[in-house]
Amino acid sequence: MTSTTPRRSRFGAAVIAVPPLALLLLWVPLAAVPRQGPGAPARTPEQVYRAACLNCHGPHGTGVPQPTLGFDVPVPDFTDCSFATREPDADWLAVVSDGGPARAFSKLMPAFRDALTPEEMRAALTYVRGFCADEAWPRGELNLPRPLVTEKAFPEDEAVLTTAVTPEGGTSVANKLVYEKRLGARSQVEIVVPYGFRDSGAGWVNGIGDVAFGFKRSLYHDHRKGSIFSVTGEVVLPTGDEKDGFGKGYTVFEPFVTFGQILPGDAFLQFQGGVEIPSDSRKADKEAFWRTTFGRSFSQNVYGRTWSPMVEFLGFRELEGNRPTYWDVVPQMQVTLSTRQHIMANVGVRVPVSHRGGRRTQLIFYLLWDWFDGPLAGGW
Ligand code: HEC
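This is a predicted model, so every value here is computed, not measured.

**A few points about the packing of helix H3 (residues 45-52) against helix H8 (residues 118-129)**
Move 1: The N-to-C vectors of H3 and H8 enclose an angle of 95 degrees; their axes lie 8 Å apart at closest approach. Taken together, H3 and H8 sit at an angle that is classed as roughly perpendicular. For the pair H3 and H8, the contacting residues are Pro45, Glu46, Val48 and Tyr49 in the first and Glu120, Ala123, Ala124, Tyr127 and Val128 in the second.
Move 2: Along the lines of polarity and charge, the residues of the contact of H3 with H8 split into 7 nonpolar, no polar and 2 charged.

Below is the structure:
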């Protein structure tokens, strides 16, 4: 839309006269973009974008400068791939359909559900997606719900506090704070700080565990096929106190691969497989592990809270002689807590299913904060 000739609105002149440009901008796209009647030729993504979005988001998707806009909420830069690839289409459609507040953004991002058809909203989004053409950035669709144990393939900016409670047989509470930071399009560094409490029989003891550092790199991703594959190297240092049971007393190198696959019907599969290699082969043997997660996401009221029931199958075995293979299953439920969907919780139980002797059921839960998307206290 190139002409912004004022039209008569149902609010009369007051709308134009009060806080001039901001309201005008909100009103123009909605008033000037009548739904097309049935049988009318479908508009191209570019036509929809020009008619409905260009006024604020600009011809090149970088956003109209604020002095011109007349409001001080910054308009995002869709050519910045680091920002523009993070959210899946469903989240952006929520914002386009129901307006900024659908994801706790400003209401200056208007709701288009009455002005555009669902096809036109998708078309506008297709055009918006075109502003970041760099395929190196994996799309937000591939950022699958985080299981309690299995690591993800997607590189991300997150902080996760996980607590595992073993209620019987020497009660213990193991906490783990994971901080992940993305580096560029495909890489991520992470630090893991465990902190535990344990009933030693002669009272409770507590202490820091073995701190780990990791580097992850996504080697392959294709959001049309719904696949992502990454490799990670982790070093677990013997920072924990061995005699209180919080540390192993030797360094462990942990290389592993991770794979995520979107399945039909909002279902997904995630896999992690690797080995733990101790620095001191007299103290421990190498151990292989493999973890598979199946799950599915459900959205409440189309664009509302997301529930993701999942089940993990965890296998591990020492790579020495005739050692047994252990299996655990972890049924769990992840749910988004904030409107922005950047704060989530997951709760489940880890149940040993083979060689149960001495192995206890654990209650595990986490609180996850996708810190790139907003502050802890924001976005509710
Ligand atoms: C009246 C001005 C205006 C119009 C018209 C407008 N937007 Fe926006 N849009 C905004 C503002 C302002 C924000 C930032 C909101 C915030 O950060 O609180 C935004 C944010 C967004 C976001 C980003 C949400 C996120 O995850 O950060 C998307 C996607 C978006 N707009 C798409 C569109 C599309 C598609 C159209 C056309 C159908 C459109 N907008 C029309 C003002 C507008």
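Here the narrative resumes.
**Some words on the pairing of strand E14 (residues 362-369)**
Move 1: The pairing of strand E1 (residues 158-166) with E14 spans 7 bridges and is classified as antiparallel. Across the sheet, Val160 pairs through a bridge with Leu368, a residue of E14.

**Looking at the state of the cysteines**
Move 1: One pass over the full model with this rule turns up 1 disulfide.
Move 2: Between the sulfur atoms of Cys81 and its disulfide mate Cys132 the distance is 2.1 Å. Across the disulfide from Cys81 to Cys132, rotation about the S-S bond amounts to roughly 110 degrees, and the bridge is consequently right-handed. Taken together, the positions of Cys81 in helix H6 (residues 81-84) and Cys132 in the loop between H8 and E1 put the pair 51 residues apart, joining distant regions of the chain.
Move 3: Judged by its relative accessible area of 10%, Cys81 falls in the buried class.
Move 4: Judged by its relative accessible area of 13%, Cys132 falls in the buried class.

**Some remarks on the site of the ligand**
Move 1: As a structural note, the neighbourhood of the ligand is formed by 26 residues, with Cys53, Cys56, His57, Ser106 and Met109 the closest of them.
Move 2: A distance of 2.7 Å separates a nitrogen atom of the ligand from a polar atom in the side chain of His57.
Move 3: Considering every element that reaches the shell around the ligand, the biggest residue donor is helix H2 (residues 20-32), with 3 residues.
Move 4: By residue class, the composition of the shell around the ligand is 23 nonpolar, 2 polar and 1 charged.

**Overview of unusual backbone geometry**
Move 1: The phi dihedral of Asn301 is positive, around 45 degrees, even though this residue is not glycine.
Move 2: Counting through the fold element by element, Asn301 comes out in the loop between strand E10 (298-299) and strand E11 (306-318).
Move 3: For Asn301, a relative accessible area of 70% puts it in the exposed group.
Move 4: Not every positive phi belongs to a glycine, and Val302 is a case in point at roughly 60 degrees.

**Re the coordination of the iron atom of the ligand**
Move 1: Coordination sphere of the iron atom of the ligand, protein contribution only: His57 (NE2) and Met109 (SD), at 2.0 to 2.1 Å.
Move 2: Metal-centred angles of 86 to 179 degrees between the 6 donor atoms at the iron atom of the ligand mark the site as octahedral. Of the two residues, His57 sits in helix H4 (residues 54-57) while Met109 sits in the loop between helix H7 (89-98) and H8, which places them 52 residues apart along the sequence.
Move 3: The class for His57 is buried, based on a relative accessible area of 12%.

**Things to note about the nonpolar core**
Move 1: Counting residues in hydrophobic clusters, the biggest one holds 24 residues, and the most contacted among them are Tyr49, Trp92, Phe112, Leu116 and Met121.
Move 2: Of all the secondary structure elements, the ones that give two or more residues to this core are H3, H6, H7 and H8.
Move 3: Ranked by size, the runner-up nonpolar core spans 17 residues in total, among them Val149, Tyr250, Leu314 and Tyr366.

**A short note on the pattern of salt bridges**
Move 1: In this structure the tally under the stated criterion is 21 salt bridges.
Move 2: The salt bridge partner of Arg50 is Glu46, with a shortest N-O separation of 3.8 Å. Of the two residues, Arg50 and Glu46 both sit in helix H3, 4 residues apart, roughly one turn of that helix.
Move 3: Between Arg323 and Glu318 there is a salt bridge whose closest N-O contact spans 2.6 Å.

**Focus on the side chain of Gln272**
Move 1: Residue position: Gln272 is located in strand E8 (residues 267-278).
Move 2: Relative accessible area serves as the criterion here: at 0%, Gln272 is assigned to the buried category.
Move 3: Non-local contacts of Gln272, meaning those with residues more than four positions away in its chain, are made with Val149, Thr150, Glu151, Phe256, Val257, Thr258, Phe289, Trp290 and Arg291.

**Some thoughts on the environment of Thr361**
Move 1: Following the sequence through the fold, Thr361 ends up in the loop between strand E13 (343-352) and E14.
Move 2: Its relative accessible area of 30% is what places Thr361 among the partly exposed residues.
Move 3: With residues near it in sequence (within four places) discarded, Thr361 still touches Val165, Thr166, Pro167, Val349, Arg350, Val351 and Pro352.

**Considerations on H8**
Move 1: End to end, H8 covers 16 Å across 12 residues, agreeing with the expected 16 Å (1.5 Å per residue, within 8%).
Move 2: Buried residues along H8 sit against H3, H6 and H7.

**Quick notes on the packing of aromatic side chains**
Move 1: Tallied over the full model, the rule gives 12 aromatic pairs.
Move 2: On the basis of an interplanar angle of 65 degrees and a centroid distance of 5.5 Å, the ring pair of Tyr195 and Phe197 is categorised as edge-to-face.
Move 3: Overall, the relative accessible area of 33% leaves Phe197 in the partly exposed class.
Move 4: Stacked on the ring of Phe105, the Lys or Arg Arg340 has its end atom at 4.1 Å from the ring centre.

Definitions and cut-offs
- Once a new chain begins, its residue numbering starts again from 1 and follows that chain's sequence as written.
- Owing to the predicted nature of the model, reporting of local features is limited to residues with pLDDT of at least 70; listing and counting of side-chain atom pairs is limited to 80 or more, with chain, interface and lining totals taken over all residues.
- Hydrogen atoms and water are omitted, and side-chain values are computed over all heavy atoms in the structure.
- All axes here are fitted lines through C-alpha atoms, helices being fitted over the stretch that makes contact, and every angle between N-to-C directions spans 0 to 180 degrees.
- Going along the chain from the N terminus, every DSSP run of H or I of four or more residues is numbered as a helix, and every run of E of two or more is numbered as a strand.
- With respect to orientation, any angle under 35 degrees is reported as roughly parallel, any angle over 145 as roughly antiparallel, any angle of 65 to 115 as roughly perpendicular, and every other angle as oblique.
- Only heavy atoms enter the contact rule, under which two residues are in contact if any of them lie within 4.5 Å.
- Classes in brief: Ala, Val, Leu, Ile, Met, Phe, Trp, Tyr, Cys and Pro nonpolar; Asp, Glu, Lys and Arg charged; the others, Gly included, polar.
- In this scheme, strands are said to pair when DSSP sees at least two bridges between them.
- When two cysteine sulfur atoms are found within 2.5 Å, that pair is recorded as a disulfide.
- Only protein chains enter the area calculation, which uses a 1.4 Å probe; residues under 20% of their type maximum are buried, those over 50% are exposed, and those in between are partly exposed.
- Any residue with a heavy atom positioned within 4 Å of a molecule or strand is treated as near that molecule or strand.
- Pairs of N or O atoms are called polar contacts if they sit within 3.5 Å, as long as, within protein, a hydrogen donor faces a hydrogen acceptor (for residues adjacent in sequence, only side-chain-to-side-chain pairs).
- For Na, K and Ca the donor cutoff is 3.2 Å, while for all other metals N, O and S atoms count as donors only within 2.8 Å; water does not appear among the atoms, so some sites may look incomplete.
- Angular criteria define each label, namely tetrahedral for four donors with all angles between 85 and 135 degrees, square planar for four and octahedral for six donors with opposite donors over 155 degrees apart and remaining angles between 65 and 115, and irregular for whatever fails these tests.
- Remark: nonpolar core denotes a set of buried residues (Ala, Val, Leu, Ile, Met, Phe, Trp, Tyr, Cys) joined through side-chain atoms within 4.5 Å.
- Each reported salt bridge corresponds to a side-chain nitrogen of Lys or Arg within 4 Å of a carboxyl oxygen of Asp or Glu.
- Each helix should span, by expectation, one fewer than its residue count multiplied by 1.5 Å.
- Two rings from Phe, Tyr or Trp (for Trp, the six-membered ring) form a pair when their centres are within 6.5 Å of each other. A pair whose planes differ by under 30 degrees is stacked, one over 60 is edge-to-face, and the rest are tilted.
- In this scheme, the term charge over a ring applies when either NZ of a lysine or CZ of an arginine sits within 6 Å of the ring centre and within 35 degrees of the ring normal.

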